[in-house]
Amino acid sequence: QVQLVESGGGLAQPGGSLRLSCTASGTIYRINTMGWYRQVPGAQRELVATIPNGGTSNYADFVKGRFTISRDDAKNTVYLQMNSLKSEDTAVYYCYARVRRNALLREEPFWGQGTQVTVSS
């Protein structure tokens, strides 16, 4: 199996910054797209940003210019640098990865357990 473990959530003030990390472990042959989604109570999970294995990152309009996604494939880790945080960024942030567990299997989606980000003064 594959496990995704997030870290870096917490409390930030409006205008502040946080950096989320997510590391994948387990039976991994190749990690394709990695990304971050977020969810608030009563709403659907929404895409924040994704980054393919090579290629161009993709951002939701509401985070463009404020958040930056990056990855370190040597560490099987994806990051989300969040700057200029707003109260509406408050949510549980979930790490996402599409992983091939071996050369014979198709990629499968995996999710982290989520990390709370709260933006408040």
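Residues numbered from 1 in each chain as written. Predicted model: local features only at pLDDT ≥ 70, side-chain atom pairs only at ≥ 80, totals over all residues. Heavy atoms only, no water.

K.L.:
Honestly, the state of the cysteines in this entry has me stumped. Any pointers?
P.N.:
Here, disulfide denotes a covalent bond that connects the sulfur atoms of two cysteines. For the structure shown, the criterion picks out 1 disulfide. Cys22 shares a disulfide with Cys95; S-S distance 2.0 Å. Between Cys22 and Cys95, the S-S torsion sits near -80°, and that sign places the bridge as left-handed. Of the two residues, Cys22 sits in strand β3 (residues 18-26) while Cys95 sits in strand β9 (residues 91-100), which places them 73 residues apart along the sequence. Comparing Cys22 with Cys95 shows no difference in burial state: the two are buried. (Disulfide = S-S within 2.5 Å. Helix = DSSP H or I, 4+ residues; strand = E, 2+ residues; numbered from the N terminus. Buried < 20%, exposed > 50% of the residue type's maximum accessible area, 1.4 Å probe, protein only.)

K.L.:
What's the story with the sheet that holds strand β7 (residues 67-72) in this structure? I'm lost.
P.N.:
For sheets, the rule is that strands pair by backbone hydrogen bonds, running either parallel or antiparallel. Across the sheet, which stays open at both edges, the 4 strands sit in the order β1-β3-β8-β7 with antiparallel pairing between neighbours. The open sheet has two edge strands, β1 (2-7) and β7, and neither has a second partner. Within the sheet, the average angular offset between the axes of one strand and its neighbour, ignoring direction, is 15°. (Pairing = 2+ DSSP bridges. Axes fitted to C-alpha atoms, helices over the stretch in contact; angles between N-to-C directions.)

K.L.:
Can you walk me through unusual backbone geometry in this structure?
P.N.:
In most cases, non-glycine residues show a negative phi, while peptide bonds are predominantly trans. The phi dihedral of Asn76 falls on the positive side, at around 55°, and the residue is not glycine. Among the structural elements, Asn76 can be located in the loop between β7 and β8 (77-82). On the accessibility criterion, Asn76 (24% relative accessible area) is partly exposed. The phi dihedral of Ser84 is positive, around 50°, even though this residue is not glycine. Along the chain, Ser84 turns up in the loop between β8 and β9.

K.L.:
Hey, could you run me through the pattern of salt bridges in this one?
P.N.:
Where side chains of opposite charge bring their charged atoms close, a pairing between them can arise. For the structure on display, the rule yields 7 salt bridges. Residue Asp61 is joined to Lys64 by a salt bridge in which the shortest nitrogen-to-oxygen separation is 3.1 Å. Both residues of the pair, Asp61 and Lys64, belong to the exposed class. The salt bridge involving Asp89 is made with Arg66; its shortest N-O contact spans 2.7 Å. Of this pair, Asp89 sits in the loop between β8 and β9 while Arg66 is found in the loop between β6 (58-59) and β7, placing the two residues 23 residues apart along the sequence. Of the residues examined, Asp89 reaches a relative accessible area of 0% and is grouped as buried. (Salt bridge = Lys/Arg side-chain N within 4 Å of Asp/Glu carboxyl O.)

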